[in-house]
Amino acid sequence: MLKGKDLLSLHDLTRDELEEILSLAAELKALQKSGVAHTILPGKTLGMIFEKSSTRTRVSFETGMYQLGGQALFLSSHDLQIGRGEPVRDTARVLSRYLDGVMIRTFAHETLEEFARWADIPVINGLSDLLHPCQVLADLLTIRERCGKDLSGLKLSFIGDGNNMAHSLMYGCAKMGIDFAVATPPGYEPNEKVVANAREDAKASGATILLTHDVAEAAKEADILCTDVWVSMGEEAEREKRRQDLAGYQINRSLLEKAAKRAIVLHCLPAHRGEEITEDVFEANAAVIFDEAENRLHAQKAVMALTMGD
Ligand code: CP
Ligand code: NVA
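Report on the accompanying structure. (Residues numbered from 1 in each chain as written. Chains lettered and ligands numbered in written order. Predicted model: local features only at pLDDT ≥ 70, side-chain atom pairs only at ≥ 80, totals over all residues. Heavy atoms only, no water.)

1. Quick word on the site of ligand 1
The environment of ligand 1 is formed by Ser54, Thr55, Arg56, Thr57, Arg105, His132, Gln135, Cys268, Leu269 and Arg296. One nitrogen or oxygen atom from the side chain of histidine 132 is found 2.8 Å from an oxygen atom belonging to ligand 1. Take glutamine 135: an N or O atom from its side chain is 3.0 Å from a nitrogen atom of ligand 1. Calculation on ligand 1 without its partners gives an accessible area of 260 Å², and the protein chains cover 95% of this total. Class assignment for the residues of the shell around ligand 1 results in two nonpolar, five polar and three charged. (Near = heavy atom within 4 Å. Polar contact = N/O pair within 3.5 Å; in protein donor to acceptor, adjacent residues only side chain to side chain. Areas by Shrake-Rupley, 256 points an atom, 1.4 Å probe, with all protein chains shown as cover. Nonpolar A, V, L, I, M, F, W, Y, C, P; charged D, E, K, R; others polar.)

Right under this line is the structure:
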């Protein structure tokens, strides 16, 4: 279903396609754990263009491609001619002649869209200022492992900045029938277009979407609590203002009391203890949070196998 397609946004996928990615990710994870080779992409090359820093995305894509029998090239935008002004559309057409797929981490989501318009190979969003779909695939895989395969009817709450993670979680939940609530301070609400798109998907899946400024209202009876940094990459100049504005939009013990009894806490990492999450809550949930980080590998292998496979 996904062969040759891009993965720029979870909103572009059907629910069946999402299910297909998650099921294959679980299968590939089991194969890898039992030491069974699964070289689905022999001889294939993934290019990985980074405009921003990364630990998980870079290492999980590179290792994942290796495990699938292919290879990955790390391409810093500072070292590419794109960093000296070569047009995105030319870079996309050139790289399409060498590579079988490309993963891009950009500031502007439009760069990713332009690249995808001109490329003949699958383009995977490794994070933009607007969205972070690969992270949410890993999150959904982790939720499946912890809460069972039927995700519909669960409630996921995001606390903090209405950022790329909030957007992709909203899309993922809306597609999968997970009730989604987000609590942000005034002025940090999620992007309106994303909310409108997600509401369309939610109509089809039966999920609900709640936007609030009240953390307790968002967290009420949640099965999954999520958060992310208050200061995303590229927003460093606003650090102090954001710290003041987002104070209180934190996952801590008293907020956890509002959630369901067995609620799990997810964090895409890197985490800033004492800001969006307290040290004790982070460490109490370390097992699931590091499963979540590991699941980047398995989810992305599934995406590469499905989009770049023969
Ligand atoms: N969560 C995540 O995308 O981590 P990196 O920035 O380290 O890739
Ligand atoms: N919102 C964060 C996510 C990091 C993985 C950022 O964009 O920096």
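2. Side note on unusual backbone geometry
Of the consecutive residues leucine 269 and proline 270, the connecting peptide bond is found in the cis state with omega at 0 degrees. Topologically, proline 270 is positioned in the loop between β9 (264–267) and α11 (279–284). Positioned with a positive phi, glutamate 221 is a non-glycine residue whose angle comes to about 60 degrees. Relative to the elements of secondary structure, leucine 269 occurs in the loop between β9 and α11. For leucine 269, a relative accessible area of 11% corresponds to the buried category. (Helix = DSSP H or I, 4+ residues; strand = E, 2+ residues; numbered from the N terminus. Buried < 20%, exposed > 50% of the residue type's maximum accessible area, 1.4 Å probe, protein only.)

3. Quick notes on the sheet that holds strand β2 (residues 71–76)
Overall, parallel pairing links the four strands, which are arranged β2-β1-β3-β4 in an open sheet. Strands at the two margins of the open sheet, each flanked by one partner only, are β2 and β4 (123–125). Neighbour-to-neighbour, the strand axes of this sheet turn through a mean angle of 20 degrees, independent of strand direction. Seen against the sheet, helix α2 (residues 56–67) touches β1 (45–50), β2, β3 (101–105) and β4 and runs at an angle of roughly 175 degrees to β1. (Pairing = 2+ DSSP bridges. Axes fitted to C-alpha atoms, helices over the stretch in contact; angles between N-to-C directions. Contact = heavy atoms within 4.5 Å.)

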